[in-house]
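Coordinate analysis (summary)
Residue-level listing of the chains:
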2 protein chains.
Amino acid sequence: MRGTVLYGPRDVRFEERDEPKILKPTDAIIRLSVTCVCGSDLWPYRGIQKIEQPAPMGHEYCGMVEEVGSAVKTVKKGQFVVGSFCISDNTCPNCRAGYQSGCQNLDFMSGAQAPYARVPFADGTLVATREVPSPDLLPSLLAVSDVLGTGWFAADAANVKPGSTVVVVGDGAVGLLGVLSAKQMGAERIIAMSRHESRQKLAREFGATDIVSERGDEGIARVKDITKGVGADSVLECVGTLDSMMQAIRSTRPGGSVGYVGVPHGANLDLQQVFFTLVRLHGGPAPVRRYLPNLIKLVLDGKINPGKVFDLALPLAQVAEGYRAMDERRAIKTLLQPSGRN
Amino acid sequence: MRGTVLYGPRDVRFEERDEPKILKPTDAIIRLSVTCVCGSDLWPYRGIQKIEQPAPMGHEYCGMVEEVGSAVKTVKKGQFVVGSFCISDNTCPNCRAGYQSGCQNLDFMSGAQAPYARVPFADGTLVATREVPSPDLLPSLLAVSDVLGTGWFAADAANVKPGSTVVVVGDGAVGLLGVLSAKQMGAERIIAMSRHESRQKLAREFGATDIVSERGDEGIARVKDITKGVGADSVLECVGTLDSMMQAIRSTRPGGSVGYVGVPHGANLDLQQVFFTLVRLHGGPAPVRRYLPNLIKLVLDGKINPGKVFDLALPLAQVAEGYRAMDERRAIKTLLQPSGRN
């Protein structure tokens, strides 16, 4: 088969690779229905995160089970599954506490921008649907795997409750789905910080009640205006820079919470500054596995349509163009469609 | 009267000062029953925190109301009161949310290492007892004002619940009262990190079930051993350095919480490191006013005896020796006893 490999900054190749095989009895092999490019793939693509050797790319996935190892019990050949980008056993104390992204056997999915992929710890990582879903639901089910699960965790970590006032920093796909998540959790007011018209539009569609296009001190002043001088109850940080983190913290009321899910790059936080804000911080790689059953149900029931963040769909073979479009901000997020064995 | 003024590093003077007067209708003047030296007073005493001009010291206090301004409604002359080290109106949205240390009219108490002190926003800052308490309860009631309130906030911010496994980093008075607080909140296992025998003893008396004297990687390994490889549910950070903060974070399980109350000095946190731990951080200056009614009741009912952290009592006039004893770790915390107008 052919799959996606990153060789270095802006060097994405779609090339011949071995088809994945069962290596351990807890593995499953899946045939990808759809896959995509993640915002976090852009860190190594842009050279901000170094890679040591050619890296098989792709960690968001859903598809049909082709084969399972002898120890796999909860999924079987022919089922449609959605999995988390974090590989987890779902039995260790950290998993049982709902933090599968801190699993004692944690690994990260890779190589899913391909027609087939191996999923370790299949029982602990995958959730099967009762029936094979209709094709129009595939983009939304794919979104559950990471980008929605991550936006959902941002809102959960920021302690969004019915009636909350929420700010979302970052208008990438995660931020936009953070808006959707906050709305689902009953937030009354959702302020999306965005400077791009197409993203503002989608934010409003997902539930944003206010748009703030200013950043830095001006952006914070606008949030304070909207919240009667107090700041927001919950702020979702969906970027990962020091600026966006400070924007988030300074937009929060004392005793409020920041949920941060943008992988921090070069963010050295002066803790004394944070101390006097009295803001709660919680974040990290999202424990998507915890949310999978609920989020899959919301999609299948037609309650949410997170697949709308995919504003570009390409054949998998054109994956390099998919990266370029996101890098140049021509696309929010690129859906990739495998065809046969490519 | 004579009161305490810090002129520069290790230059504490007990000198003639004007007696405080009502300046605003919301003020009260109190006669201190007892007062004390705070661990945080040592930052400027040691020159780590610069002072611009001679600073009247002291922010922990309890005593008799001598006079109130015309707008004060909830306390009156002749009552015994305990107040928070944070001055708050207790009516703004931040106060109503329980974060009086983020009050929109926030100020910090000062000048309480003296026979008399002025307390602004008396209604929002002070709580009166029904009767004048017996003298043996004074040290514990004084502790409520800051050092216990701060330890209590550390435990609350670290989300201590019945059955929790708790680690306390720092064996100063705040850390020791963090142990007491965790015990009161129903923690099952309380691991005190301490290298000093007298403090270990008090920690055990307050409820510590385990003592870890190692620090750094070794200390973390010991905590992991005790918690079956998982880490603690809740960790109280009661020091304020980068080392102690990382010690706290790395001792916490994924999804667990660090409550940090040591004022951070030189603590630049690499947020990417924190991100992958999945640890929740909450801290800041303690909203003691929120806890005052409950903590005063626990002391008056004889349920807790936080005054035990005072292992040195001196006449107020010997305040300089009180600072020296704490600086040289000869004392955990110094109680100061005013006598008349000194």
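Okay, so let's go over this structure. (Residues numbered from 1 in each chain as written. Chains lettered and ligands numbered in written order. Predicted model: local features only at pLDDT ≥ 70, side-chain atom pairs only at ≥ 80, totals over all residues.)

**A short note on the relation of the copies chain A and chain B**
The criterion, for reference: Superposing the copies works by least squares over the C-alpha atoms of residues that have pLDDT at least 70 in both of them. C-beta atoms are first placed from the backbone for all residues, and any pair lying within 7 Å is then listed as a contact.
Rotating chain A by 180° about the axis while translating it 0.0 Å along that axis superimposes it on chain B, leaving an RMSD of 0.0 Å. What the rotation and shift describe, once combined, is the action of a two-fold rotation axis. Comparing interface residues between copies, 100% of those in chain A also lie at the interface in chain B; the contact surface is shared.

**Focus: the sheet that holds strand S4 (residues 55–56) of chain A**
Residues and elements named next belong to chain A. Applied cut-off: By this definition, two strands are paired if DSSP reports at least two bridges between them. By definition, any uninterrupted DSSP run of H or I lasting at least four residues is a helix, any uninterrupted run of E lasting at least two residues is a strand, and each is numbered from the N terminus. Lines fitted to the C-alpha atoms define the axes, with helices restricted to the stretch that makes contact. Angles between their N-to-C directions range from 0 to 180 degrees.
Ordered by their spatial adjacency, three strands build an open sheet running S2-S1-S4, and the pairing between neighbours is antiparallel. With one partner strand each, in any of the chains shown, strand S2 (11–16) and S4 form the two edges of the open sheet. As paired elements, strand S1 (residues 2–8) and S2 share six bridges and run antiparallel to each other. Note on S2: the bridge partner recorded for threonine 4 is phenylalanine 14. Here helix H11 (residues 319–327) sits on the sheet and contacts S1 and S2; the angle it forms with S2, its principal contact strand, is near 160°.

**Some words on the interface of chain A and chain B**
Rules: Each residue gets one label: Ala, Val, Leu, Ile, Met, Phe, Trp, Tyr, Cys and Pro are nonpolar, Asp, Glu, Lys and Arg are charged, and the others, such as Gly, are polar.
Contacts between the two partners involve 31 residues from chain A and, on the opposite side, 31 residues from chain B. For the side of chain A that touches chain B, the secondary structure elements donating two or more residues are helix H2 (93–96), strand S15 (252–260), strand S16 (268–270), helix H9 (271–277) and strand S17 (280–283) of chain A. Sorting elements by how many residues they give to the side of chain A that touches chain B places H9(A) first, with five residues. A per-class count over the side of chain A that touches chain B returns 16 nonpolar, twelve polar and three charged.

**Observations regarding unusual backbone geometry**
Residues and elements named next belong to chain A. Note the following rule: Exposure is read from a count of other C-beta atoms within 10 Å of each residue's own; the residue is exposed at 12 or fewer, buried at 20 or more and partly exposed in between. C-beta atoms are placed from the backbone.
One non-glycine residue, arginine 10, adopts positive backbone phi at about 60°. Take arginine 10: it is sitting in the loop between S1 and S2. On the basis of neighbour counts, which here come to 13 C-beta atoms within 10 Å, the residue arginine 10 falls in the partly exposed class. Residue lysine 228 is not a glycine yet carries a positive backbone phi of 55°.

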